[in-house]
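Fold and contact review
Each chain is listed here by its residues.
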Amino acid sequence: MTPLYIGSEIYRNSSYCPKHPLAVPRVSVCTDLCRSLGWLPDAVYRDAPMPEEAALTRFHDPAYVAALRQAEADQAVSDAVRTRFRIGAEGNPVYREVYRRPAISAGGVMLAARLTADGGIVHCPGGGTHHGRPDRASGFCFLNDPVLGLLTWLDLGLDNIVYLDIDAHHGDGVQDAFHDDPRVFTISLHEGARWPFTGAADDRAGGAARNFPLPAGCNDTEFAWVIEHAVLPLIAQRQPQAIMLQAGADALEEDPLAKLSLSNNAHRAVARAVMALAPRLVVLGGGGYNPWTVGRCWALIWGTLNDFPIPDRLPPEAEAGLRGLRYDRAAGRNPPQHWLTTLLDPPRVGPVRDVVRQLTEETPSA
């Protein structure tokens, strides 16, 4: 089956607030790159739909969903709502589309699950909000669209699913949602000793998870070591009916909110490897706070899912789009040329440290 791409124009002009890490464009950069490369014909593009509230309350507390909707209408919250639901607190600001944007992201991921009911591959870079809790916002995430997508697969009758998360931050909300649930096995590779400070190597979530907390500075070679020696064998052993890959781009070296040192070759390799391990694959976005590195990474994943040749240099339209981006951090004032002219990063190879080898040696079977 030809892979499908789910997007939405809501991401193009939506910003959490001027100085928030998510004030940068991400999904729109990916979409525009794919179109400029001729990789995104109308036949494979689907708009993420706005779901009914009943679909969101499959996981989320109705009172919380109602409060989120009201926060968008009022563009403000009371102290009681802020305290109870963490809307307008702890990096979860009230902004113009505070209900519509996460709801459409959730609608896209649930659509991706339905589109793969009989098999196939879907890329939904607007998804990946893996910190959302049933009754509160958390970690920039107002809803948990991966959980809602996984529940959609379960509702369709699947009972052997792998959720693989390579975001720099542990996918705590997804793991906790399926704690003790043998139908969904969660695997997370994330930076250790970083918020939300969960996902220790010995955290098994009642047997339904494996966690690989990576050391700061983790390079492509070390990441590949964990994937090849632990993650892929775990997945192959389970023989899942479906895989959901959360491909957060904040593990890339240039990201401001983490200290891992991956190139986008790491994300490309994971996407390529898991394609052959299940008849259904949904790939999401997630973290990532540098518009150039995020957009290029997610576009590279789409090219990989389709087995498109990766150009040595981007076409002029794509390059012009990247040159037009604004990024209000020091790196944005003088971006390196490869951020503007190429899709594929130079590999970031290095030695495999003992702490990384130990992570794979301690991994039991699934």
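Everything that follows concerns the structure shown earlier in this document.
Attention here is on the structure that accompanies the text. Each chain has its residues counted from 1, following the order in which its sequence is written. A pLDDT threshold of at least 70 governs which residues receive local features in this predicted model, and a stricter bar of 80 or more applies before side-chain atom pairs are shown or counted, although totals over entire chains, interfaces and linings include all residues. Calculation of side-chain values draws on the structure's entire complement of heavy atoms; hydrogens and water are dropped beforehand.

Any pair of cysteine sulfurs within 2.5 Å is marked as a disulfide. Tallied over the full model, the rule gives zero disulfides. In this structure Cys218 is a free cysteine whose sulfur lies 14 Å from that of Cys297, the closest cysteine sulfur available. Cysteine Cys297 remains unbridged, with the sulfur of Cys30 as its closest cysteine sulfur at 8.9 Å. Using a 1.4 Å probe on the protein chains alone, a residue whose accessible area is under 20% of its type maximum counts as buried, one over 50% counts as exposed, and one in between counts as partly exposed. You can call Cys297 buried: its relative accessible area is 0%.

Every other side chain in a regular strand lies on the same face of the sheet, so the side chains alternate between the two faces. Strands here are runs of E lasting at least two residues and helices are runs of H or I lasting at least four, both read from the DSSP assignment and numbered beginning at the N terminus. The buried count for strand 7 (residues 242-246) comes to five of five residues, which makes it a mostly enclosed element. Where strand 4 (residues 161-165) meets strand 7, five bridges bridge the pair, whose relative direction is parallel. The partner of Val162 across the bridge, within strand 7, is Ile243. As paired strands, strand 7 and strand 8 (residues 280-284) are joined by four bridges and run parallel to one another. Bridge assignment links Met244 to a residue of strand 8, and that residue is Val282. A crossover connection joins strand 7 to the parallel strand 8 through helix 9 (residues 264-274); in handedness this β-α-β unit is right-handed. Strand pairing requires that DSSP identify at least two bridges connecting the strands. The crossover handedness rule: strands pointing away from the viewer, path from first strand over the helix to second strand clockwise, crossover right-handed.

Among the 10 residues that make up helix 1 (residues 27-36), eight are buried, leaving the element largely enclosed by the rest of the structure. Burial in helix 1 covers these residues: Val27, Ser28, Val29, Cys30, Thr31, Leu33, Cys34 and Ser36. Buried-residue contacts for helix 1 involve strand 1 (4-7), helix 10 (291-305) and helix 11 (316-323). Following helix 1 by one or two positions, Gly38 has its phi on the positive side, about 75°. Only heavy atoms enter the contact rule, under which two residues are in contact if any of them lie within 4.5 Å.

On to the pairing of strand 8. Counting buried positions over the five residues of strand 8 gives five, a clear majority of the element. Because side chains alternate across strand 8, one face comprises the buried residues Arg280, Val282 and Leu284, and the other comprises Leu281 and Val283, equally buried.

A 1.4 Å probe that fits but cannot get out identifies a cavity on a 1 Å grid over protein atoms alone, an open set with protein on both sides within 12 Å along at least five of seven lines counts as a pocket, and a residue lines either if it has an atom within 4 Å of a point. Grid points are joined across faces, edges and corners, and a volume is the space filled by probe spheres set on the points. Size it by volume and the largest pocket reaches roughly 450 Å³. In this structure, the largest pocket is lined by 32 residues; those nearest its centre are Leu22, Gly139, Phe140, Cys141 and Tyr289. Tallying contributions element by element places helix 5 (residues 100-115) first for the lining of the largest pocket, with three residues. Approximately 290 Å³ is the volume attributed to the second largest pocket. In terms of lining residues, the second largest pocket is bounded by Pro18, Lys19, His20, Pro21, Ala23, Val24, Pro25, Tyr289, Arg326, Tyr327, Asp328 and Arg329. Counted by class, the lining of the second largest pocket contains seven nonpolar, one polar and four charged residues. Each residue gets one of three labels, nonpolar for Ala, Val, Leu, Ile, Met, Phe, Trp, Tyr, Cys and Pro, charged for Asp, Glu, Lys and Arg, and polar for the others, Gly among them.

With that settled, consider the packing of helix 1 against helix 11. Only C-alpha atoms enter the line fits that serve as axes; for helices the fit covers just the stretch in contact. Angles between N-to-C directions range over 0 to 180 degrees. For the pair helix 1 and helix 11, interaxial distance at closest approach is 8 Å and the crossing angle is 160°. By the angle between their directions, the pair helix 1 and helix 11 is classed as roughly antiparallel. In the crossing of helix 1 with helix 11, the sense of the turn from one axis to the other is right-handed. Contacts between helix 1 and helix 11 involve Val29, Leu33 and Ser36 from the former and Glu317, Ala318 and Leu322 from the latter. In terms of residue class, the contact of helix 1 with helix 11 is made up of four nonpolar, one polar and one charged. Angle categories: roughly parallel below 35 degrees, roughly antiparallel above 145, roughly perpendicular from 65 to 115, and oblique for all the rest. In this scheme the handedness of a crossing depends on how the near helix is turned from the far one: anticlockwise by less than a right angle means left-handed, clockwise means right-handed.

The next point concerns the side chain of Gln175. Structurally, Gln175 is set in helix 7 (residues 172-177). A residue is classified by how much of its surface remains accessible, and Gln175, at 3% relative accessible area, is buried. Any N or O atom pair separated by 3.5 Å or less is treated as a polar contact, with the protein-specific requirement of one donor-capable and one acceptor-capable atom, and with residues adjacent in sequence counted only for side-chain atom pairs. A distance of 3.0 Å separates the side chain of Gln175 from the side chain of Asn211, its partner in a polar contact. Setting aside its immediate chain neighbours within four residues, Gln175 contacts His170, Thr186, Asp203, Ala205, Ala209 and Asn211.

Moving on, we get to the packing of helix 9 against helix 10. Interhelical geometry of helix 9 versus helix 10 gives an angle of 30° and a closest axis separation of 9 Å. In terms of orientation, helix 9 lies roughly parallel with respect to helix 10. When the axes of helix 9 and helix 10 are compared, the crossing they make is right-handed. Each of Asn264, His267, Arg268, Ala271 and Arg272 in helix 9 lies in contact with helix 10, whose residues at this interface are Arg296, Cys297, Leu300, Ile301, Thr304 and Leu305.

Any pair of Phe, Tyr and Trp rings, taking the six-membered ring for Trp, is counted once the centres come within 6.5 Å. Such a pair is stacked with planes under 30 degrees apart, edge-to-face with planes over 60 apart, and tilted for the rest. Considering all chains together, one arrives at 10 aromatic pairs under this definition. Judged by centre distance (6.0 Å) and plane angle (25°), the ring pair of Tyr5 and Tyr45 falls under stacked. Taken together, the residues span a long stretch of sequence, with Tyr5 in strand 1 and Tyr45 in strand 2 (residues 45-47) at a distance of 40 residues. Tyr45 matches Tyr5 in its accessibility class, with the two residues each being buried. Judged by centre distance (5.6 Å) and plane angle (45°), the ring pair of Tyr64 and Phe85 falls under tilted. Linking Tyr64 in helix 3 (residues 62-74) with Phe85 in helix 4 (residues 79-85), this pair joins segments that are 21 residues apart in sequence. On the basis of relative accessible area, Tyr64 is assigned to the buried category, the value being 0%. An aromatic cluster of at least three residues, connected via ring pairs, comprises Tyr5, Tyr45 and Trp302. In this scheme, Lys NZ or Arg CZ marks a charge over a ring once it lies within 6 Å of the ring centre and within 35 degrees of the ring normal. For the cation-ring pair, Arg35 lies above Tyr45, with the distance from its terminal atom to the ring centre recorded as 4.8 Å. A cation sits over an aromatic face here: Arg357 above Trp225, 4.5 Å from the ring centre.

Functional significance is not addressed by these values, which are geometric in nature.
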